[in-house]
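# What the coordinates show
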Amino acid sequence: MHVNLILMGPPGAGKGTQSALLGDRLKEACISTGNILREEVRRKSPLGTEAKRHMDKGELVPDDVMIGVIEDRLRQPDCDPGFILDGFPRTVPQAEALDRALRTLGRRLDVVVSLAVPNEELIKRLSGRRTCRECGALYHIIFDPPTNAGICNKCNGDLYQRDDDQEDIIVSRLEVYTRETAPLLQYYRARNLLAEIDGTGGREDILARIVERLENRL
Ligand code: AP5
């Protein structure tokens, strides 16, 4: 099974976690705009410097910047079989630009999976998240701790806490999601592309819900 899929959901809904699991299962490119931006910040590139100003406050990076990033990324050959978009689009203008970019490439979206998780759970997930500096693997200090504290099970890399996972910035990110991104649910519902999935419970259970929904739709 190959699909062109968007994973949506508020910060901490498990987009990165499910994107990695689904990417392994479907052998598809996982495109996280958050990871692309964090890599640019690490390299101190002009894009990274611009993005950091917004990310540190929990705000969105401007649409024109993000649209350019995603247009370039979708042209890479690893997207040919199918792709999983994690964190894009986040605004209606980004969704419209994605529609245009896919039309130009002769592709179309198959499904938009939206993960629903209550706010109290999102805050617990984000405040305990740790990420591997080397391979990007995700952990949680309580829900999914590494075997050795601070060290990645997969590659022995250092685990770090994201700058935007401080409680005040988490609250801003949740507000931005409600204001800017949640309207996309209606955008995709109206196009009959939306699959709303309960994002609570175990990771594998959530993955099974997503795969079942994909099999029913395709
Ligand atoms: P981005 O990196 O995309 O952040 P986000 O959308 O806020 O989402 P997160 O990465 O925080 O959460 P997630 O849903 O991936 O959850 P995860 O799987 O990690 O974007 C960061 C910033 O970049 C934005 O604020 C913005 O500034 C900018 N940006 C990015 N894209 C942009 C765009 N298109 N336009 C403009 N700006 C853009 O899980 C979270 C934690 O929960 C982990 O610790 C995990 O282990 C744990 N967990 C996962 N699943 C479960 C489970 N089932 N049970 C218990 N714990 C779980």
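Overview of the structure. (Residues numbered from 1 in each chain as written. Predicted model: local features only at pLDDT ≥ 70, side-chain atom pairs only at ≥ 80, totals over all residues. Heavy atoms only, no water.)

### Details of the nonpolar core
- Judged by nonpolar contacts, the single largest core of 29 residues is most densely connected at Leu98, Leu109 and Tyr188.
- Not counting the four nearest positions on each side in its chain, Leu109 is found in contact with Asn4, Ile6, Phe83, Leu98, Leu102, Tyr188 and Leu193.
- One finds Ala13, Leu115, Leu126 and Ile210 within the second-largest nonpolar core, a separate group that totals 22 residues. (Core = buried A, V, L, I, M, F, W, Y, C linked by side-chain atoms within 4.5 Å. Buried < 20%, exposed > 50% of the residue type's maximum accessible area, 1.4 Å probe, protein only. Contact = heavy atoms within 4.5 Å.)

### Overview of the packing of aromatic side chains
- The tally for this structure, following the rule as stated, stands at one aromatic pair.
- The side chain of Arg191 reaches across the aromatic face of Tyr187, ending 3.6 Å from its centre. (Phe/Tyr/Trp six-rings, centres within 6.5 Å; stacked < 30°, edge-to-face > 60°. Lys NZ or Arg CZ within 6 Å of the ring centre and 35° of its normal.)

### As for the sheet that holds strand E1 (residues 4-8)
- Reading across the sheet, the five strands line up as E2-E3-E1-E4-E8 and stay open at both edges, with parallel pairing between neighbours. Looking at which strands have only one partner, the edges of the open sheet turn out to be strand E2 (29-32) and strand E8 (194-198). Taking the axes of each pair of neighbouring strands and ignoring which way they run, one obtains an average angle of 20° across the sheet.
- Sheet topology places E1 next to strand E4 (residues 111-116); four bridges connect them, and they run parallel. Within E4, the position partnered with Leu7 by the bridge is Val113. (Pairing = 2+ DSSP bridges. Helix = DSSP H or I, 4+ residues; strand = E, 2+ residues; numbered from the N terminus. Axes fitted to C-alpha atoms, helices over the stretch in contact; angles between N-to-C directions.)

### Quick word on the sheet that holds strand E7 (residues 159-160)
- Strand order across the open sheet formed by three strands is E6-E5-E7, with antiparallel pairing between neighbours. Single-partner strands in this sheet number two, and they are strand E6 (138-140) and E7.
- Alignment of strand E5 (residues 129-132) against E7, held across two bridges, turns out to be antiparallel. Its bridge partner lying in E7, Cys132 is registered against Leu159.

### Comments concerning helix H4 (residues 63-74)
- Compared with the 16 Å implied by 1.5 Å per residue over twelve residues, the 16 Å span of H4 between its first and last C-alpha is a close match.
- Buried residues along H4 sit against E2, helix H2 (33-43), helix H3 (46-55), strand E3 (83-86) and helix H5 (92-105). (Expected span 1.5 Å × (residues − 1).)

### Details of the pairing of E4
- For E4, the tally of buried residues reaches five of six residues, placing the bulk of the element in the interior.
- Here E4 runs beside E8; their pairing, made up of five bridges, is parallel. Counted as the bridge partner of Val113 is Ala195 from E8.

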